[in-house]
Amino acid sequence: MAASEMATAADVSTPVISVKPVVLEAPGRGEDLRVRVSAPATGSALPVILFAHGFGSSLDGYGPLTDFWAAHGFVVIQPTHLDSRTVGLSQDDPRIPRLWRFRVEDMKRVLDRLDVLEAAVPGLGGRLDRSRIAAAGHSFGGQTAGNLLGLRVLDPVSKQEEDLSDARIGAGVLLATAGKGGDDLTPFAAENFPFMNPSFANMITPTLVVAGDQDDLPLSVRGPEWLADPYFLSPGEKSLLTVFGGEHSLGGITGYEARETTDEDPARVSLIQRVTWAYLRHALDIEHASWAAVRKALSESADPIGKIESKS
């Protein structure tokens, strides 16, 4: 499907101002929290996307997505989590078992300090729409964003599930996000990622799940269908974008270079840019025509590279 088949308001972009790092004090974390804030140079009542990177990445990752969102009307906030290669924790660091929880605390700290982040970007003051905030994430970052949407994790330390959802979040996008744990995990995943035991039963916030149909990770015995669990196992309004031929990097959303991309394909990246943008404008009740347009284009395409399904 050519990008021209999904011509919407997404074809009009705005110059972006990006500031990094904005440093937030984080007592008890062991490291201050470093954040990147990107915003369109013009416009008012700007909705916000809080983005959680995948394991090992940083505030510098995911430019193909975050730059697109910012150039098309969103303020995008990217914290660097403790598992980032730029932080360099040793394997015996006592924080390792709770990395998943520190990530959620990072996201909530960003929400608590929006005033500081807004003030750090020249000309951004007074232009945020704080009633329209979404959480998004890729891979491990999908679980992180999911926690704010109602996903619960069986904590390997406390052996308890806790509600970490946040009422400030109105919608979500989960990209290549892990499914059920337990017997669905490979022995490698069960041993190395004990926090990978999510429950989706309380994830009620409207969410778009994005999964590649060739994303066969060495984490689950179920193959690519495992990545669709956040859609099928959660209640409420959800949509699923299945990306045909997509592997874990979904065509190259992790960065502009191909070193972390096993399935480089600009068409897949363009699809995900436009579908996620249109979905968030729909789910945050900004406008609905763009979401209808991308769904129509995919359903009517003679050679689609993905499909969208929805439930309520």
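Before reading on, note that the structure itself is shown above.
Being a predicted model, the structure only gives us computed values, none of them experimental. (Residues numbered from 1 in each chain as written. Predicted model: local features only at pLDDT ≥ 70, side-chain atom pairs only at ≥ 80, totals over all residues. Heavy atoms only, no water.)

Colleague: Lay out the sheet that holds strand β7 (residues 171–175) with the relevant residues and their values.
Modeller: Ordered in space as β1-β2-β4-β3-β5-β7-β9-β10-β11, the nine strands form an open sheet in which the pairing is mixed. A strand with exactly one partner marks an edge of an open sheet, and here the two such strands are β1 (16–24) and β11 (306–311). Taking the axes of each pair of neighbouring strands and ignoring which way they run, one obtains an average angle of 20° across the sheet. With six bridges connecting them, strand β3 (residues 46–52) and strand β5 (residues 128–138) associate as parallel partners. In the sheet register, Ile 49 faces β5, and the bridge partner there is Ala 134. Contacts from helix α4 (residues 140–149) reach β3, β5, β7 and β9 (207–212), with the element oriented near 140° to β5. Packed on one face of the sheet, helix α7 (residues 266–283) meets β3, β5, β7, β9, β10 (238–243) and β11 and runs near 160° to β7. (Pairing = 2+ DSSP bridges. Helix = DSSP H or I, 4+ residues; strand = E, 2+ residues; numbered from the N terminus. Axes fitted to C-alpha atoms, helices over the stretch in contact; angles between N-to-C directions. Contact = heavy atoms within 4.5 Å.)

Colleague: So what's going on with the pattern of salt bridges? Residues and values would help.
Modeller: A full pass over the atoms with the stated rule returns 22 salt bridges. Between Arg 29 and Asp 106 there is a salt bridge whose closest N-O contact spans 2.7 Å. With Arg 29 in the loop between β1 and β2 (33–40) and Asp 106 in helix α2 (residues 99–112), this pair connects stretches of sequence that are 77 residues apart. Here Arg 29 and Asp 106 have matching classes, each one buried. Each of the salt bridges in this network shares a partner with another, and the network as a whole consists of Lys 180, Asp 184, Arg 222, Glu 225 and Asp 229. (Salt bridge = Lys/Arg side-chain N within 4 Å of Asp/Glu carboxyl O. Buried < 20%, exposed > 50% of the residue type's maximum accessible area, 1.4 Å probe, protein only.)

Colleague: I'd love a proper account of the side chain of Arg 127, names of residues and values included.
Modeller: By the element assignment, Arg 127 lies in the loop between α3 (114–120) and β5. Buried charge without a salt bridge: Arg 127, with Glu 118 as the nearest opposite-charge side chain at an N-O distance of 8.0 Å. At a separation of 3.1 Å, a polar atom in the side chain of Arg 127 contacts the main-chain carbonyl oxygen of Gly 123. In this view, Arg 127 contacts Pro 40, Ala 41, Thr 42, Gly 43, Ser 44, Ala 45, Leu 46 and Glu 118; residues no more than four positions away in its chain are not counted. (Lys, Arg positive; Asp, Glu negative; His and termini not counted. Polar contact = N/O pair within 3.5 Å; in protein donor to acceptor, adjacent residues only side chain to side chain.)

Colleague: Summarise the packing of helix α1 (residues 63–71) against α7; cite the residues concerned and give the values.
Modeller: Put simply, α1 and α7 touch, their axes get as near as 10 Å, and they point 40° apart. Looking at the two axes, α1 sits oblique to α7. In this structure, α1 meets α7 at a crossing whose hand is right-handed. Within the contact between the two elements, α1 uses Pro 64, Leu 65, Phe 68 and Trp 69 and α7 uses Val 269, Ile 272, Gln 273, Arg 274, Thr 276 and Trp 277. (Parallel < 35°, antiparallel > 145°, perpendicular 65-115°, else oblique. Left-handed = near helix turned anticlockwise from the far one by under 90°.)

Colleague: I'd like a description of the packing of aromatic side chains, backed by residues and values.
Modeller: Aromatic rings considered in pairs are described by the distance between their centres and by the relative angle of their planes. If you walk through the whole model with that rule in mind, you get eight aromatic pairs. Relative to Phe 232, the ring of Tyr 231 lies with its centre 4.8 Å away and its plane at 80°, an arrangement referred to as edge-to-face. Residue Tyr 231 is classed as buried on the basis of its relative accessible area, which comes to 3%. Ring pairing ties together the aromatic residues Phe 55, Phe 140, Phe 188, Phe 193 and Phe 195, which thus form one cluster. Over the aromatic face of Phe 102 sits the side chain of Arg 98, whose NZ or CZ is 5.7 Å from the ring centroid. Sitting over the face of the ring of Tyr 231, Lys 311 holds its NZ or CZ atom 5.1 Å from the ring centroid. (Phe/Tyr/Trp six-rings, centres within 6.5 Å; stacked < 30°, edge-to-face > 60°. Lys NZ or Arg CZ within 6 Å of the ring centre and 35° of its normal.)

Colleague: Describe α2, and please don't skip the residues or the numbers.
Modeller: For α2, spanning 14 residues, the distance from its first C-alpha to its last is 20 Å, which sits close to the expected 20 Å at 1.5 Å a residue. Of all 14 residues that make up α2, 11 are buried, and the element is covered over most of its length. Within α2 the residues assigned to the buried category are Leu 99, Trp 100, Arg 101, Phe 102, Arg 103, Val 104, Asp 106, Met 107, Arg 109, Val 110 and Leu 111. (Expected span 1.5 Å × (residues − 1).)

Colleague: Residue-level account of the environment of Glu 105, with values.
Modeller: Along the chain, the position of Glu 105 falls in helix α2. Measuring from C-alpha to C-alpha, the distance between Glu 105 and Ser 290 comes to 33 Å, with 185 residues separating the pair along the chain.

Colleague: Got a sec to walk through the packing of α2 against α4? Specific residues and values, please.
Modeller: Packing of α2 against α4 brings their axes to within 9 Å, and their N-to-C directions diverge by 60°. Here α2 lies oblique to α4, going by the angle between them. Remark: the crossing between α2 and α4 carries right-handed chirality. Contacts from Trp 100, Arg 103, Val 104, Met 107 and Lys 108 in α2 reach Phe 140, Gly 141, Gln 143, Thr 144, Ala 145, Asn 147 and Leu 148 in α4. Counted by class, the contact of α2 with α4 contains six nonpolar, four polar and two charged residues. (Nonpolar A, V, L, I, M, F, W, Y, C, P; charged D, E, K, R; others polar.)

Colleague: How would you summarise helix α8 (residues 289–300) if you had to cite specific residues and measurements?
Modeller: Between its first and last C-alpha atoms α8 spans 16 Å; for 12 residues at 1.5 Å apiece the expected length is 16 Å, and the two agree. Buried residues of α8: Ser 290, Trp 291, Val 294, Ala 297 and Leu 298, and no others. What you see down the axis of α8 is that its buried residues fit within an arc of 130°, all on one side. Across from the buried face of α8, at angles greater than 90 degrees, the exposed residues are Ala 289, Ser 299 and Glu 300. Contacts from the buried residues of α8 go to β9, β10, α7 and β11. (Arc of directions from axis to C-beta.)

From the geometry alone we can't say anything about function, so treat these as descriptive.
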